[in-house]
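Listed below are the residues making up each chain.
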Amino acid sequence: MRAVFSGVLAVLVALGASASAAPTERPYTWQSYGVGAPRTARVAYELGVGTRDSRFFGADGVEQGVRLRYQPWRGVGVEAFGGLLLHSDHAARPAAGAEVVGRALWQEDAGVDLDLAGGYGFDYRERQVLRARAALGRTFGRLDLRLGSAVEVPVSGEGDAADLSLTFGASYRVTPWWRQGIEVGGEDLEGFWEEEEAEGGAKLLLGPTAYFTLGGGVELRMNVAAVYAPPTAGAPAGAATETWGLLGRASLAYTFGE
């Protein structure tokens with residue numbers, strides 16, 4: 001598994017080094033992008049509030065974190081994250097991680113964009129995980145569409161042997177500084193049919209995302225999503241379950257060197 005990650009990252013670096021320079025937007029909350037203005041650095045403060053735990057997309061409680069990104073070339077970025085989950089039922093829990101994100105296909109050449117990422121994380125469940133992400137997208141004038149996926153493979157702690165999430169995002173440029181979109185996500189979808197799903201069953205998320213470029217290298221993203229967690233396949237009829245929840249996320253970022 002580690003050899004696969006190393007190979008993917010080497011390909012991304014080679015692709016990014018040959019790409020031309022141009023800035024780009026990142027208008028979604030749950031999608032990873034490999035492109036950006038070269039030789040820039042970005043720092044973002046992230047805040048999340050959740051009433052129902054969703055491992056890939058947010059936790060039950062209040063999250064606070066800082067995300068750092070360095071973009072050596074247009075097609076490759078390196079990200080690091082550190083955060084803290086606050087919840088009334090337990091002590092504060094830390095999380096951290098690092099990824100390399102790059103663009104393997106470009107719409108102007110291949111007709112679609114393909115972003116790939118790989119890295120390591122220590123999550124709020126106190127597990128060490130290997131992560132891989134992919135996002136396929138295309139822009140049609142003011143309309144942007146993205147289909148993404150992420151895989152986590154725990155190397156410590158309890159849980160499934162591998163966890164998969166799927167996402168879809170669409171956004172429309174309303175003004176030069178505002179994109180309005182909607183995002184859909186799903187995780188642990190095997191919970192619909194597997195009685196032994198280890199992560200608490202499937203979860204589906206849906207909600208709007210607003211993205212603002214405020215000038216001077218400042219950008220703001222805000223998302224709110226309803227979480228639906230149907231009973232697992234093996235749940236007894238009439239069993240009490242926490243079916244609905246809510247997640248809210250915001251990110252305020254500043255880019256140096258653009």
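Residues numbered from 1 in each chain as written. Predicted model: local features only at pLDDT ≥ 70, side-chain atom pairs only at ≥ 80, totals over all residues. Heavy atoms only, no water.

1. Some thoughts on the overall build of the chain
Operational definition: Numbering of helices and strands runs from the N terminus, with a helix taken as a DSSP run of H or I at least four residues long and a strand as a DSSP run of E at least two residues long. Partly exposed residues are those whose accessible area sits between 20% and 50% of the maximum for their type, while under 20% is buried and over 50% is exposed, using a 1.4 Å probe and protein chains only. Accessible areas in this description were obtained via Shrake-Rupley with a 1.4 Å probe; residue shielding takes into account the shown protein chains only.
Along the chain, the regular secondary structure elements total two helices and 12 strands. Ordered by position in the sequence, the α and β elements of the chain form the string α-β-β-β-β-α-β-β-β-β-β-β-β-β. Relative to its full complement of 258 residues, the chain shows a buried share of 45%. In the form shown here, the chain has an accessible surface area of approximately 12,200 Å², with 64% of it arising from carbon and sulfur atoms.

2. What about the packing of aromatic side chains?
Here is the rule we go by: A pair of Phe, Tyr and Trp rings is counted when the ring centres sit within 6.5 Å of each other, with Trp represented by its six-membered ring. The angle between the planes then sorts it: under 30 degrees is stacked, over 60 is edge-to-face, the rest tilted. By definition, being over a ring means that NZ of Lys or CZ of Arg is both within 6 Å of the ring centre and within 35 degrees of the ring normal.
For the coordinates displayed, the defined rule picks out eight aromatic pairs. Aromatic side chains Trp-30 and Phe-57 sit 4.8 Å apart centroid to centroid with 50 degrees between the ring planes, which places their arrangement in the tilted category. Here the residue Trp-30 occupies a position in the loop between α1 (2–17) and β1 (40–50), and Phe-57 occupies one in the loop between β1 and β2 (61–73), the gap between them amounting to 27 residues. The exposure class of Trp-30 is buried, given its relative accessible area of 11%. For Phe-57, a relative accessible area of 5% puts it in the buried group. Taken together, the aromatic side chains of Trp-30, Phe-56 and Phe-57 make up a single cluster linked through ring pairs. A cation sits over an aromatic face here: Arg-103 above Trp-106, 5.5 Å from the ring centre.

3. Looking at the environment of Val-227
Stated formally: The contact rule is simple, with two residues in contact once any of their heavy atoms fall within 4.5 Å.
With respect to the helices and strands, Val-227 occurs in strand β11 (residues 218–228). For Val-227, a relative accessible area of 0% corresponds to the buried category. Along the chain, Val-227 and Leu-206 lie 21 residues apart, while their C-alpha atoms are 6.9 Å from each other. Not counting the four nearest positions on each side in its chain, Val-227 is found in contact with Arg-52, Lys-203, Leu-204, Leu-205, Thr-243, Trp-244, Gly-245, Leu-246 and Leu-247.

4. Side note on a nonpolar patch on the surface
Stated formally: Patches were defined on residues exceeding 30% relative accessible area and lacking a salt bridge, with like-charge contacts within 9 Å and nonpolar side-chain contacts (Val, Leu, Ile, Met, Phe, Trp, Tyr) within 5 Å. What makes a salt bridge here is a side-chain nitrogen of Lys or Arg within 4 Å of a carboxyl oxygen of Asp or Glu, nothing more.
Where nonpolar side chains cluster on the molecular surface, the patch consists of Tyr-45, Leu-47, Val-49, Val-62, Val-66, Leu-68, Leu-84 and Leu-86 and spans about 600 Å² of accessible area. Looking at the nonpolar patch, the elements that each hand over two or more residues are β1, β2 and β3 (76–87). Under the relative-accessibility criterion, Val-66 is labelled partly exposed at 40%.

5. Examining the pairing of β11
Our working rule: At least two bridges found by DSSP between two strands is the condition for calling them paired.
Sheet topology places strand β10 (residues 203–215) next to β11; nine bridges connect them, and they run antiparallel. Looking across to β11, one finds that Leu-206 is bridged to Ala-226. Linking two consecutive strands that pair antiparallel, namely β10 and β11, is a turn of two residues; a positive phi of about 65 degrees is found at Gly-216 within it. For β11 and strand β12 (residues 244–256), the ladder comprises 11 bridges, and the chain directions are antiparallel. Each residue of the ladder has a partner; that of Leu-220, found in β12, is Leu-252.

6. A word on the nonpolar core
The nonpolar side chains of a soluble globular protein tend to be buried, and buried together. Threshold: Residues belong to a common nonpolar core when they are buried Ala, Val, Leu, Ile, Met, Phe, Trp, Tyr or Cys residues joined through side-chain atoms within 4.5 Å.
Grouped together as the largest cluster of nonpolar side chains are eight residues: Trp-30, Phe-56, Phe-57, Ala-150, Leu-205, Ala-225, Val-227 and Leu-247. If we skip the residues at most four places from it in the chain, Leu-205 touches Trp-30, Ser-54, Phe-57, Glu-183, Val-184, Gly-185, Ala-225, Ala-226, Val-227 and Leu-247. Residues Phe-81, Leu-85, Ala-95 and Tyr-124 belong to the second largest nonpolar core, which totals five residues.

7. A short note on the side chain of Glu-46
Selection rule: Each polar contact in these results corresponds to two N or O atoms within 3.5 Å; when the atoms are within protein, one needs to be able to donate a hydrogen and the other to accept it, and residues that are neighboring in sequence are counted only if both atoms are side-chain atoms.
Note on placement: Glu-46 falls in strand β1. A polar atom in the side chain of Glu-46 sits 2.8 Å from the side chain of Arg-67.

Any functional reading would require information beyond the geometric quantities listed.
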